[in-house]
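Spelled out, the chains give:
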Amino acid sequence: MTATSPPPGAGQPAVRPRPGSAVTTGGVGGAVVVVGARVGLWLGVQLGLAGLLILTGVADTAGQALDEAAGWWMVYGALVDLGTLGVIIWLLGRDGRSYRGLLGPPTTAWQLALGAAGVLAATVPAVVFSGELTSAIYGQDAIAPMFAVVDLPPWASVLSVLVVPLVAELAEPVAYLGVVLPRLERRLGRSWLAAAIVVALWAAEHALYPLLTSPGGGLDWRFAAYRVGSVLPFLAAWTAAYYALGRRLLPIMVARWVLNAGTAAALALGLIA
Amino acid sequence: MASSVEGSTQNRVLYRLTWLALVLSLGHHLDHLIRGNAVGWPVTDEVNAFTYSLVVYPIIATGLVLYHTGRVGPGFWALVSGGGAVFVAAVHFGPAAVEPPELIVDHYDRPILGWLVFGWLVAFVTVLAVTCLYETRLWAQQRRAGRAARPAAGAGNTR
């Protein structure tokens with residue numbers, strides 16, 4: 001086993017998107033559609049739900065309605081992800097490609113297990129950073145606001161643990177790493193720049209959910225900024241891991257599912273209180 | 001030809017990741033020296049985690065020479081990066097951390113500086129972990145390529 005032994009990639013399928021081929025990745029317009037759809041869906045679902053709460057008399061003001069709706073964000077997130085899946089499938093149909101093709105080269109069971117474990121290990125620093133940021137902004141041992149506001153009946157909690165994280169993994173990382181990233185790489189010709197833009201866009205999207213109001217009225221911009229800052233190291237670690245694993249998405253999806261389903265389960269069981 | 005190009009790209013990436021980790025490590029040790037609240041020999045008489053961590057520099061220097069001469073491969077670097085990630089994470093992030101994040105964030109007069117060096121530490125451990133993932137993948141690829149090459153060589157020898 002030496003550095004000069006046969007090239008490591010020998011016999012491996014070529015997996016990197018070819019910069020010159022629009023057929024393999026599609027145009028950057030598709031990336032704009034996917035990101036725009038997610039932004040529109042997050043805003044549309046929350047504002048629609050808030051409007052419904054006002055119309056039915058559950059909430060008196062827009063702020064109250066938004067805060068009431070925020071308690072359900074771990075459930076209505078599935079609508080955003082289902083909508084994203086719809087857009088992805090539409091793009092794939094238009095370009096004559098398959099969903100499986102977005103997940104990268106074939107991944108064996110041991111690659112999946114070892115890769116997911118590695119991604120989880122690489123996520124530890126992000127978890128620590130996020131915890132420190134929460135303590136610095138909201139006080140020692142404070143719960144992050146997006147978890148503190150969750151207020152679900154048992155049936156919805158079950159949904160948030162068993163269904164929502166699964167749908168999220170089929171849509172969110174596939175949208176950003178499988179659809180948006182290769183298209184930006186092809187357009188910009190620089191992987192690092194495309195990756196930086198994807199991480200920034202992906203983090204910025206998190207500012208949109210849940211929409212919370214500040215005690216003085218109006219949107220809680222401090223929370224929105226905290227949300228972006230706390231999620232940034234996670235997204236950077238996952239994007240880097242995506243490259244490190246030879247553009248295999250499945251290990252990242254499994255690791256994210258463990259984290260998200262685990263968090264939802266901990267909330268449902270009252271372990272985070 | 002395509003495989004050879006891919007191999008050289010992978011080598012280049014491995015070197016770049018090693019240099020990046022080295023720069024992040026030097027920056028983190030510099031932070032220790034500036035803070036002065038978690039240093040050991042040769043700065044003080046005490047031999048502690050800071051002292052042990054300095055062993056990484058001769059390991060990296062030796063590894064670079066051995067890798068360049070083809071005596072070690074990605075497996076060596078995977079162990080170095082993975083071991084480094086576990087060591088630094090245990091010292092700073094673990095339940096029994098001897099130098100938890102508060103010791104870094106709260107020790108600078110300007111909070112922004114504390115957050116900057118803490119962010120540097122987070123980036124350092126993340127780079128080590130992701131680099132370990134990358135090197136482990138290369139290691140596995142080399143082993144597979146080696147296994148695939150062996151039967152072919154054996155068949156050639158029987159002729």
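Given the structure is predicted, the values throughout are model-derived calculations rather than measurements.

Further remarks concern the overall build of chain B. Tallying secondary structure elements over chain B gives six helices and zero strands in all. Against the globule reference of 15 Å for 159 residues, chain B gives a C-alpha radius of gyration of 20 Å, more extended than a compact globule. The burial tally for chain B puts 30% of its 159 residues in the buried class. For chain B, contacts bridging at least 24 residues in sequence account for 63% of all contacts bridging at least 6.

With that settled, consider helix H4 (residues 74-92) of chain B. Residue and element names in this part refer to chain B. The first and last C-alpha atoms of H4 sit 27 Å apart over 19 residues, in line with the 27 Å expected at 1.5 Å per residue. Residues Pro74, Trp77, Ala78, Val80, Ser81, Gly84, Ala85, Val88, Ala89 and His92 constitute the buried set of H4. Buried residues of H4, viewed axially, fall in a sector of 165°; they line one side.

Moving on: the environment of A:Pro105. Relative to the elements of secondary structure, A:Pro105 occurs in the loop between helix H5 (99-102) and helix H6 (109-138). Expressed as a C-alpha distance, the spacing of A:Pro105 and A:Leu250, which sit 145 residues apart in the sequence, is 9.7 Å.

The next subject is the environment of B:Glu135. All names here are of chain B. Here Glu135 shows up in helix H6 (residues 111-157). According to the C-beta neighbour criterion, Glu135 is buried, with 26 such atoms within 10 Å. In this structure the C-alpha to C-alpha distance between Glu135 and Val13, which are 122 residues apart in sequence, comes to 9.9 Å. Setting aside residues no more than four positions away along its own chain, Glu135 makes contact with Leu14, Pro74, Trp77, Ala78 and Ser81.

Residue and element names in this part refer to chain B. Of note, Ala38 is situated in the loop between helix H1 (2-35) and helix H2 (49-53). Distance from Ala38 to Leu103, taken between C-alpha atoms, is 8.7 Å for residues 65 residues apart in sequence. For Ala38, the contacting residues outside a window of four places in its chain are His32, Phe50, Glu99 and Leu103.

Right, let's talk about the packing of helix H8 (residues 154-162) of chain A against helix H12 (residues 250-268) of chain A for a bit. If you want to describe how two helices pack, look at the angle between their axes and the distance between the axes. All names here are of chain A. The geometry of H8 relative to H12 is characterised by a closest axis approach of 8 Å and an angle of 160° between their N-to-C directions. As judged from the angle between their axes, H8 and H12 are roughly antiparallel. The interaxial crossing formed by H8 with H12 has left-handed handedness. From H8, Ser157, Ser160 and Val161 reach across to H12, where they touch Ala261, Ala264, Ala265 and Ala268.

The next point concerns helix H3 (residues 56-68) of chain B. Given a rise of 1.5 Å per residue, 13 residues ought to cover 18 Å, and the 18 Å separating the end C-alpha atoms of H3(B) matches this to within 8%. Count one or two residues on from H3(B) and you reach B:Gly70, which has phi positive near 80°.

For chain B, the average pLDDT comes to 91, and 92% of its residues sit at 70 or higher. Reported confidences for the modelled complex are a pTM of 0.90 and an ipTM of 0.89.

As a further point, take unusual backbone geometry. Leaving glycine aside, a negative phi is the common case for residues, and trans is the common case for peptide bonds. Here the amide bond leading from A:Tyr209 into A:Pro210 is cis, since omega sits at -10°, within 30 degrees of zero. One can find A:Pro210 in the loop between helix H10 (191-205) and helix H11 (221-244). The omega torsion across B:Trp41 and B:Pro42 is 15°, close enough to zero to call that bond cis. Phi is positive for A:Asp141, which is not a glycine, with a value near 65°.

Turning next to the nonpolar core. Burial of nonpolar side chains together is a common tendency in soluble globular proteins. Among the nonpolar cores identified, the biggest contains 93 residues, and A:Val180, A:Ala241 and B:Val130 are the most heavily contacted of them. For this core, the element with the most residues is H6(B), which contributes 14 residues.

Thresholds applied
- Residues numbered from 1 in each chain as written.
- Chains lettered and ligands numbered in written order.
- Predicted model: local features only at pLDDT ≥ 70, side-chain atom pairs only at ≥ 80, totals over all residues.
- Helix = DSSP H or I, 4+ residues; strand = E, 2+ residues; numbered from the N terminus.
- Rg over C-alpha atoms; globule rule 2.2 N^0.38 Å.
- Buried ≥ 20, exposed ≤ 12 C-beta atoms within 10 Å, placed from the backbone.
- Contact = placed C-beta atoms within 7 Å.
- Expected span 1.5 Å × (residues − 1).
- Arc of directions from axis to C-beta.
- Axes fitted to C-alpha atoms, helices over the stretch in contact; angles between N-to-C directions.
- Parallel < 35°, antiparallel > 145°, perpendicular 65-115°, else oblique.
- Left-handed = near helix turned anticlockwise from the far one by under 90°.
- pLDDT = per-residue confidence, 0-100.
- Core = buried A, V, L, I, M, F, W, Y, C linked by C-beta atoms within 7 Å.

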